[in-house]
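Okay, here's what each chain looks like letter by letter:
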Amino acid sequence: MTAAMYDLAIIGGGINGVGIARDAAGRGLKVLLVERDDLASHTSSASTKLVHGGLRYLEHYEFNLVRKALKEREVLLRAAPHIIWPMRFVLPVDAGMRPAWLLRLGLFLYDHLGGRDILPGTRSVNLLTDHRGDPLQKRLKKGFAYSDCWVEDARLVSLTARDAADRGADIRTRAECVGLDRGADRWNLSIQQQGEIITEQAKILVNAAGPWVDPVTSLYDRSSNAAKLRLVKGSHIVVKRKYEGDHSYIFQNRDGRIIFAIPYEGEHTLIGTTDEPWSYAEGDAKISDGEIGYLCDAASEYFEIPVTRDDIQWTYSGVRPLFDDHSRSAATVTRDFVFDYDKENGAPVLSVFGGKITTYRVLALQAIRTLSDALDIDGDDWTKKAHLPGGDFAPDGFDALVDQYADRWNFIDRSNLHRLVRAYGTDTAIMLEKVKAVSDLGQLFGAGLSELEIRWLIDREFACTAEDVLWRRSKLGLHMSDAEQQAVGQWFDHHQQKTKAKLDLS
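Here goes a summary of the coordinates provided. (Residues numbered from 1 in each chain as written. Predicted model: local features only at pLDDT ≥ 70, side-chain atom pairs only at ≥ 80, totals over all residues. Heavy atoms only, no water.)

## Thoughts on the pairing of strand β6 (residues 142–151)
Burial analysis of β6 places nine of its 10 residues in the buried class, which makes it a mostly covered element. Bridging between strand β3 (residues 50–51) and β6 involves two bridges; their strand directions are antiparallel. Its bridge partner lying in β6, V51 is registered against C149. Where strand β4 (residues 84–92) lies against β6, nine bridges are found, and the strand directions are antiparallel. Residue pairing for β6: L91 is matched across the bridge by F144. In this sheet, β6 lies alongside strand β5 (residues 123–126) in antiparallel orientation, the contact comprising four bridges. Bridge assignment links N126 to a residue of β6, and that residue is K142. (Buried < 20%, exposed > 50% of the residue type's maximum accessible area, 1.4 Å probe, protein only. Helix = DSSP H or I, 4+ residues; strand = E, 2+ residues; numbered from the N terminus. Pairing = 2+ DSSP bridges.)

In structure tokens:
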């Protein structure tokens, strides 16, 4: 099977790949994206879930990266205010760590380096009188509160992919590129999909495979990108809620690193991250016993009530595919993105190293600008003012939207409507358009998940399995019993059987 030629073939369904696909499709280019697993099934769903400038990067003099990221915070906030929202971070001053004057200087730069219209600036905090000091150890008397943003990372990926598809991109999940043939003016891709090998052609290849950028290169070139790649594992623990309030903490560690403690899914606190070297030989990224101990100990240095292993309710780990700048430690390797563009040895190929969720839109724009001569397009910044699906409301309009939908669908529990608007924004009204009673939602699985929502995620957001729904398109798995999760899995099994039967008949 051979189809018409694509302008751009992208390998990798993480945030960088879908960002490039969206930008290119919005320019009218014919785009193919293939992902071996689910969207955001690896690095892009395993972040600390922040849209931030990276305060600690100032120490490493990465002013360009911090400025770039700070400028993007409010661009992304305006584009997707349902899945991105402002968050205040409390940074305690601790004896023996960075002095207060140095922290204040860094935060002054942080406030002014990228500009702010929406987010409030830094303020001093008396931890002895301010309620945000209540859960902390009493030696901590002073701190600072500054602003960044929270993001539902895997949803950012799926919504960006959906927007790319709405603009004409061909997004294929569970489709593995198993062969690449580089010609003088085109690429031939062999794609394994639903048990068969399909051949596609493209003028340009983008290797956005993240940690697997080197194995993808090896499909067409025996040389290696391994010398350019530094693979670093980051792990997080999710524990029982450690404090009240919607603020977060940033703690300085004795080793010079920092960790975050962040309100998570209402009933939990997210603590992370680590920086550990990783290799392909380790298999799937999983938290180690040492990392668990590190995070528990680091958080317990600050919280009045220690964080113990018994508190842990979930963990997750991901691998960051960083550009190797030959830094001594994993913690100091640059988080900025780097491109390797080769158009001299055949059809053009662009390989992507590094990057952060915060700067994914800028990375995509820069990728298109790098390829603009080969694609015969201009490099205008069209995505800067474009909303993601469901994000067409003001950043301060979330509560009003919930109120509006609660009046219209008053038979749905308000807390669940709040969750739906957080996930889908204004698309909630489209999802619920024909719902006149609770029975119209179909089967109810628990934690507010309905058959109607699952079908939406299958039809609109490329979900194929229960795990896609419970752990990537949402984190409802944290709120559901084993029996409830199994019921979702059984529904998918039945759905797939019915789908296969229809295909067999056709």
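Still to come is the rest of the account.
## Describing helix α6 (residues 289–300)
Here α6 spans 16 Å end to end across 12 residues, near enough to the 16 Å set by a 1.5 Å rise per residue. Turning to α6, its buried residues number three or more, namely E291, I292, G293, L295, C296, A298, A299 and S300. Buried residues along α6 sit in contact with β11 (229–240), β12 (248–252), β13 (258–264), β14 (268–272), β15 (276–277) and β16 (312–323). (Expected span 1.5 Å × (residues − 1). Contact = heavy atoms within 4.5 Å.)

## What about helix α9 (residues 414–424)?
Across the 11 residues of α9, eight count as buried, placing the element largely inside the fold. Residues of α9 that are buried: N416, L417, R419, L420, V421, R422, A423 and Y424.

## Some details on the packing of helix α2 (residues 63–79) against helix α7 (residues 360–375)
The N-to-C vectors of α2 and α7 enclose an angle of 105°; their axes lie 9 Å apart at closest approach. Judged by the inter-axis angle, α2 sits roughly perpendicular to α7. Across the interface between the two elements, K68, E72, V75 and L76 of α2 pack against Y360, R361 and V362 of α7. For the contact of α2 with α7, the class distribution of residues is four nonpolar, no polar and three charged. (Axes fitted to C-alpha atoms, helices over the stretch in contact; angles between N-to-C directions. Parallel < 35°, antiparallel > 145°, perpendicular 65-115°, else oblique. Nonpolar A, V, L, I, M, F, W, Y, C, P; charged D, E, K, R; others polar.)

## Quick look at the environment of E451
Following the sequence through the fold, E451 ends up in helix α11 (residues 451–461). E451 sits 216 residues away from S235 along the chain, and the two C-alpha atoms are 32 Å apart. Apart from residues lying up to four places away in sequence, E451 is in contact with L441, G442, Q443, F445 and W491. There is a polar contact of 3.4 Å between the side chain of E451 and the side chain of W491. (Polar contact = N/O pair within 3.5 Å; in protein donor to acceptor, adjacent residues only side chain to side chain.)

## Let's talk about the packing of aromatic side chains
Applying the stated criterion across every chain, the model contains 21 aromatic pairs. Ring centres 6.3 Å apart and planes at 40° place the aromatic pair W85 and W150 in the tilted group. In this pair, W85 sits in strand β4 while W150 sits in strand β6, placing the two residues 65 residues apart along the sequence. Accessibility classification places W85 together with W150 in one group, the buried group. Note on W187 and Y220: the rings are 4.8 Å apart at their centroids and 80° apart in plane angle, and the pair reads as edge-to-face. One end of the pair, W187, is in strand β9 (residues 187–193); the other, Y220, is in the loop between α5 (213–217) and β11, and 33 residues separate them in sequence. Through pairs of rings, three or more aromatic residues link up here, namely Y243, Y249, F251, Y302 and F303. (Phe/Tyr/Trp six-rings, centres within 6.5 Å; stacked < 30°, edge-to-face > 60°.)

## Focus on the environment of E72
Structurally, E72 can be placed in helix α2. Each C-alpha atom of the pair E72 and V51 lies 8.2 Å from the other, and the pair is 21 residues apart in sequence. If we skip the residues at most four places from it in the chain, E72 touches T358, R361 and V362.

## With respect to unusual backbone geometry
Residues G272 and T273 are joined by a peptide bond in cis, for which omega reads 15°. Relative to the assigned elements, T273 resides in the loop between β14 and β15. The backbone phi angle of R174 is positive, close to 55°, even though this residue is not glycine. With respect to the helices and strands, R174 occurs in the loop between β7 (170–173) and β8 (175–182). The class for R174 is partly exposed, based on a relative accessible area of 30%.

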